[in-house]
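# A look at the structure
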Amino acid sequence: MTFPRNSETSKRSKSSSPAPMRGGRVDESKRNWELLIAGDFNERHVELLETLVEVPKNSSGTLYFDSNGGSVYTAMSLVTLMQVRGLKATGIVLGECSSAALLPFAACRKRFVTPHSTHLFHPMKWESEENVRLEEAAEWTRHFQQLQEVIDNMLATLFPIERSKLDTWTQPGRFVTGRELVEAGLAEFVEAQ
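A brief report on the enclosed structure follows. (Residues numbered from 1 in each chain as written. Predicted model: local features only at pLDDT ≥ 70, side-chain atom pairs only at ≥ 80, totals over all residues. Heavy atoms only, no water.)

What follows concerns the nonpolar core. By size, the foremost hydrophobic cluster in this structure holds 48 residues, and its most contacted members are L63, L103 and L181. Listed by contribution, the elements that provide at least two residues to this core are β3 (32-40), α1 (45-54), β4 (60-69), α2 (72-84), β5 (88-97), α3 (102-106), α4 (134-158) and α5 (163-170). Aside from chain neighbours lying at most four places away, what touches L181 is F105, V113, H119, F121, W169, V176, L186 and A187. (Core = buried A, V, L, I, M, F, W, Y, C linked by side-chain atoms within 4.5 Å. Buried < 20%, exposed > 50% of the residue type's maximum accessible area, 1.4 Å probe, protein only. Helix = DSSP H or I, 4+ residues; strand = E, 2+ residues; numbered from the N terminus. Contact = heavy atoms within 4.5 Å.)

So, in structure tokens, the structure goes:
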């Protein structure tokens, strides 16, 4: 999970940005929708949230994931928006669902993976391209320690998973396969032809 200090501190190329989730289909008769969360969250925060606001409240739909994560703040916003709008999402990992992308995936009511899908669990990382005073760095450290605990508790609750098991994946960081998520009871295998 990457934590940019502000919009100026995280410069990503457009090619690493997530697919904007535009072009998803909303079937008004069934109120079902399909949206794609792909690439890096960092530069598409507003677009990702706007897309979830466009689907009907209390509706059901599918979120397809192929994302390496990015900003944990974006991930927390997506989870909060899913919850306050009563969205009943089914999450399907197409290839990768790692880092901050794990939060909205965990918030899905049903979760599907392939045996070899990739899910990187790791502690938070902070990136800054600015010179930071010692006092400010100390405050960021305090904030990130608290935020790491919040994130770990959210993942443990949303999946649900025992904190001890989550900690073995998160510290120091580990790639977990879809098969391992299924064995842990956190997802099911998607049936693909």
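Along the chain, S71 turns up in the loop between β4 and α2. Engagement of the side chain of S71 in a polar contact is seen with the backbone nitrogen of Y73, the distance being 3.2 Å. (Polar contact = N/O pair within 3.5 Å; in protein donor to acceptor, adjacent residues only side chain to side chain.)

Let us now look at the environment of V84. Mapped onto the secondary structure, V84 falls in helix α2. For V84, a relative accessible area of 65% puts it in the exposed group. In this structure, the C-alpha to C-alpha distance between V84 and N58, residues 26 residues apart in sequence, is 9.2 Å.

By the definition in use, this model includes seven salt bridges. With its nearest N and O atoms 2.8 Å apart, the salt bridge here joins R44 to E47. Taking relative accessible area as the criterion, E47 reaches 22% and is therefore assigned partly exposed. Where E180 meets R174, a salt bridge forms, and the shortest distance between an N and an O atom there is 2.5 Å. Because the salt bridges share partners, they merge into one network encompassing E149, D152, R163 and D167. (Salt bridge = Lys/Arg side-chain N within 4 Å of Asp/Glu carboxyl O.)

Looking at the secondary structure, you find G178 in helix α6 (residues 178-183). Taking relative accessible area as the criterion, G178 reaches 0% and is therefore assigned buried. Put simply, G178 and F189 are 11 residues apart on the chain and 7.8 Å apart in space, counted from C-alpha to C-alpha.

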